[in-house]
Structures are given as C-alpha cells and as structure tokens.
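Below are the chains, spelled out letter by letter.
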Amino acid sequence: MEYVILLIGFIFLIKGADFFVEGASSIAASLRVPTLIIGLTIVAFGTSAPELAVSVTSALDGKNAIAVGNVIGSNIFNILMVVGFAAAILPLKVKTTILIKELPFTLLASFVLLVLAFDGPLQGQPLGYIGRADGIILLFFFGIFLYYLVEVALQARKNNEPEESIETMSMGKSILFSIVGIIGIVLGGQWVVDSATEIALYWGMSEGLVGLTIVAIGTSLPEFVTSIVAAKKGESDIALGNVIGSNIFNIFLILGVSTIINPIPITPDVITDMTIMIITVVITFIFATTKRTISRLEGSAFVIGYFAYMAYIIMR
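Residues numbered from 1 in each chain as written. Predicted model: local features only at pLDDT ≥ 70, side-chain atom pairs only at ≥ 80, totals over all residues. Heavy atoms only, no water.

1. Some remarks on the overall build of the protein
Along the protein, the regular secondary structure elements total ten helices and four strands. Going from N to C terminus, the protein has its helices and strands arranged as α-α-α-β-α-β-α-α-α-α-β-α-β-α. Its C-alpha atoms give the protein a radius of gyration of 19 Å, near enough to 20 Å, the size a compact globule of 316 residues would have. Projected onto its principal axes, the C-alpha coordinates of the protein cover approximately 55 × 45 × 35 Å. Across the 316 residues that make up the protein, the buried fraction comes to 54%. In the protein, 85% of the contacts between residues at least 6 apart in sequence involve partners at least 24 apart. Put simply, the protein shows about 13400 Å² of open surface, and 71% of that area lies on carbon and sulfur atoms. Computed over 16 positive and 22 negative side-chain charges, the inter-centroid distance for the protein is 9 Å. (Helix = DSSP H or I, 4+ residues; strand = E, 2+ residues; numbered from the N terminus. Rg over C-alpha atoms; globule rule 2.2 N^0.38 Å. Buried < 20%, exposed > 50% of the residue type's maximum accessible area, 1.4 Å probe, protein only. Contact = heavy atoms within 4.5 Å. Areas by Shrake-Rupley, 256 points an atom, 1.4 Å probe, with all protein chains shown as cover. Lys, Arg positive; Asp, Glu negative; His and termini not counted. Charge placed at Lys NZ, Arg CZ, Asp CG, Glu CD.)

Here it is as structure tokens:
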C-alpha cells in the first residue's frame, strides 16, 4: 500500500506544480510584479510547505536528526538537482538582481546557520548546538528577508509593465489554479514523504540518513517539479527564484521554528553537510556570473555532483 501512496503522491506533485506555475505566473503579470518576486515568495513558500510540516512534526516528536537533515539535505538537493536538472533541460538566464542580492542572501543564510551551530556555550549549551535563542535569530533574519521582498515588489509594481511573455488568465482563475496547485503540492509531498520514509525504515536505514536522503528528496520534490515545469516554459525567474526562496525559507523560517520548539544538537557530520551546502551556493554564484547563464554543461555537472554527494553520505 505504501508503494501505491508513493505513486499517487508523485501524480499530485506533478499536476499541482503545473497548476501552481501557471497561476503564479498569471498573477505576477496581472499585478505587474516580476515573476522573480513571485518565485521568491508565493512559489517558494508553497513548495517549502512540506519541509515546514515535516521539520516541525519531527521537532515536536523529538526527532531532531530528521528535522535538521531535512533542511540541509533539501537545500543541497535544491541547488544540485533542481537547478542542475532545470539548466540541463534549458539554460537558465540569471538576472543581475539575483547575482547582487538574492544569491548573496542565500549564502548569508548558510553562513549564519554554520556560525550559530558553534555558539552553544554562549547559551549555556554544549558546543555544536542550535538553541531557542538561535531560533529567534533565524526568524529575525527571515523577517528582514520578507521586508526586503515586500519593498522590491512594491517598487517593481510602480515601475514595471506587465510581463507580455506570460499568458494571463482572469484573477479568479489564477488564484484558483494557485490554490489547487498548492493543495496538490502539499498533499503529494506529504504522501511521498510518509510512504517513502516507511519504506526506507523498513529496509533498515537510520533516522539521520532518512532525513538527509528520503525525507530531504521527498520534501524537495515540489521545488524540483515546479522548477522543471517553469524551465520548460522558459520561466527562468520562477525556476531560480523558487530554489533561492525555498533555501532561505528552509534555514530562516523552518529551522527557526523547529529550534524554538525543540533545540537541535549538531554533530560533526552535520557540520560537514553545512559546509557542503555553502560550497554548492558558492559554485552556483560562480556559474551564474559566467555569461549570466547557468548552462546545460554546468547543470549536468550539478546533477553528477549530487549523485557523488549521495554516494558519500551513504558510505559515511
């Protein structure tokens, strides 16, 4: 039965993502807001919903290894597999604002998390511990990010003309498509995670490995499917904005909420994974600066890199 639920979950994810991209793109054009902002906000939050649900549930249940593994594993998957696969299908054009603002903010989020992993003694906790005070700091940075997005969206609405390349629907239909898409994405993601986790545990995988692999990949499937659909439709802004926004949401919002609920101990292996996460963001920045495009070759290198990372953590 778990395999059947897994298949149904995939179907909901794919169709939900398709509906959501169409609805979000149409809303962006109608409101004269750049699709990048929609990708960084509505799409990113919608596709991060499974990560939020899984991590908070794990924190409440005391399964901290799954919570932190889910976020770090998802962020690495988002960069290497989501961006990589999308670029392999169709080279992704990178706007200047992504290079000077959004990507550096993603790098900041990763560095902040790494620094907070070592400030345990300041809170009376052992070294390698993310406590409740750290969770408050993460949520504070999330508030700054949201404020920035609102300011950019309002300014863009004043200055920009509607996106002519996007076929618009009526506002009611666009919202309906977006809502149906979110429901499909969240339900599909949850079913895939639940069934895949049951299957993985049945085969004897550890909680930490489940968090970094099955749960991380499962909760990132919405980002994966949404970005692939967006890339096929030539919507590079949504494809990239979705990943960047999701990674920032994952660290600042999801880990922020999770650590406030239940502080998370950080092992040496998790520090290694955080470092790998930072390296992937830096490489993305380097690739993006070459001709302002992430090419098919660079995308393929990302995909190969993810399989190498998977082999490493399984052997570890």
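The discussion continues.
2. Here's the deal with the side chain of Ser-55
Relative to the helices and strands, Ser-55 is located in helix H2 (residues 35-60). Ser-55 gets classed as buried once you look at its relative accessible area, which sits at 0%. Polar contacts involving the side chain of Ser-55 include one to the side chain of Asn-70, which spans 2.9 Å. In this structure, Ser-55 is in contact with Ala-67, Asn-70, Val-71, Ile-254 and Ser-258, ignoring residues within four places of it in sequence. (Polar contact = N/O pair within 3.5 Å; in protein donor to acceptor, adjacent residues only side chain to side chain.)

3. Here we look at helix H9 (residues 268-289)
Taking 1.5 Å of rise per residue, the 22 residues of H9 would be expected to cover 32 Å, and the 32 Å separating its terminal C-alpha atoms lies within 8% of that figure. Those residues of H9 that fall on the buried side of the exposure criterion are Val-270, Ile-271, Asp-273, Met-274, Met-277, Ile-278, Thr-280, Val-281, Thr-284, Phe-287 and Ala-288. Note on H9: the residue one or two positions beyond its end, Lys-291, has a positive phi of about 60°. (Expected span 1.5 Å × (residues − 1).)

4. What about the packing of aromatic side chains?
Applying the stated criterion across every chain, the model contains 14 aromatic pairs. Arranged with centres 6.0 Å apart and planes meeting at 55°, the rings of Phe-77 and Phe-224 form a pair that is tilted. With Phe-77 in helix H3 (residues 64-89) and Phe-224 in helix H7 (residues 207-232), the pair connects residues that are 147 residues apart, well separated along the chain. By the burial criterion, Phe-77 is buried, and Phe-224 matches it. The interplanar angle of 15° and the centroid separation of 5.4 Å between the aromatic rings of Phe-141 and Phe-252 together place this pair among those described as stacked. In this pair, Phe-141 sits in helix H5 (residues 132-159) while Phe-252 sits in helix H8 (residues 236-261), placing the two residues 111 residues apart along the sequence. (Phe/Tyr/Trp six-rings, centres within 6.5 Å; stacked < 30°, edge-to-face > 60°.)

5. With respect to the nonpolar core
Judged by nonpolar contacts, the single largest core of 85 residues is most densely connected at Leu-92, Phe-252, Ile-266 and Met-274. Per-element tally for this core: the top contributor is H3, with 13 residues. When sequence neighbours within four positions are dropped, the list of residues in contact with Phe-252 reads Phe-105, Ala-109, Val-112, Leu-138, Leu-139, Phe-141 and Phe-142. (Core = buried A, V, L, I, M, F, W, Y, C linked by side-chain atoms within 4.5 Å.)

6. A closer look at the packing of helix H4 (residues 96-116) against H8
It is the contact of H4 with H8, at a shortest axis distance of 10 Å, that shows an interaxial angle of 30°. The angle between H4 and H8 falls in the class roughly parallel. The handedness of the crossing between H4 and H8 is left-handed. Contact residues: Ile-98, Glu-102, Leu-103, Phe-105, Thr-106, Ala-109, Ser-110, Val-112 and Leu-113 in H4; Leu-240, Ile-244, Asn-247, Ile-248, Ile-251, Phe-252 and Leu-255 in H8. (Axes fitted to C-alpha atoms, helices over the stretch in contact; angles between N-to-C directions. Parallel < 35°, antiparallel > 145°, perpendicular 65-115°, else oblique. Left-handed = near helix turned anticlockwise from the far one by under 90°.)

7. Examining the confidence of the model for the protein
Any segment with low pLDDT has predicted coordinates that should not be analysed in fine detail. This prediction gives the protein a mean pLDDT of 83; 93% of its residues lie at or above 70. The secondary-structure element of the protein with the lowest mean pLDDT is H2, recorded at 75, while helix H10 (residues 296-315) shows the highest, at 94. (pLDDT = per-residue confidence, 0-100.)

8. Some thoughts on H4
Over its 21 residues, H4 extends 30 Å from the first C-alpha to the last, a length consistent with the 30 Å expected when each residue adds 1.5 Å. By the largest-angle criterion, Glu-102 marks the main kink of H4, which is about 30°, and a proline, Pro-104, follows within four residues. (Bend = angle between axes of the 7 residues up to and from the residue.)

9. A few points about the pattern of salt bridges
Tallied over the entire structure, the rule returns three salt bridges. A salt bridge links Asp-269 to Arg-316; its shortest N-O distance comes to 3.9 Å. Of this pair, Asp-269 sits in helix H9 while Arg-316 sits in the segment after H10; the two residues are 47 residues apart in sequence, bridging distant segments of the chain. The network of salt bridges with shared partners includes Asp-269, Asp-273 and Arg-316. (Salt bridge = Lys/Arg side-chain N within 4 Å of Asp/Glu carboxyl O.)

10. Focus on unusual backbone geometry
A positive phi is found at Lys-291, a non-glycine position, where the angle reads about 60°. Structurally, Lys-291 is set in the loop between H9 and strand S4 (293-294). Backbone geometry at Arg-292 places phi at a positive 55°, although glycine is not the residue there. Along the chain, the position of Arg-292 falls in the loop between H9 and S4.

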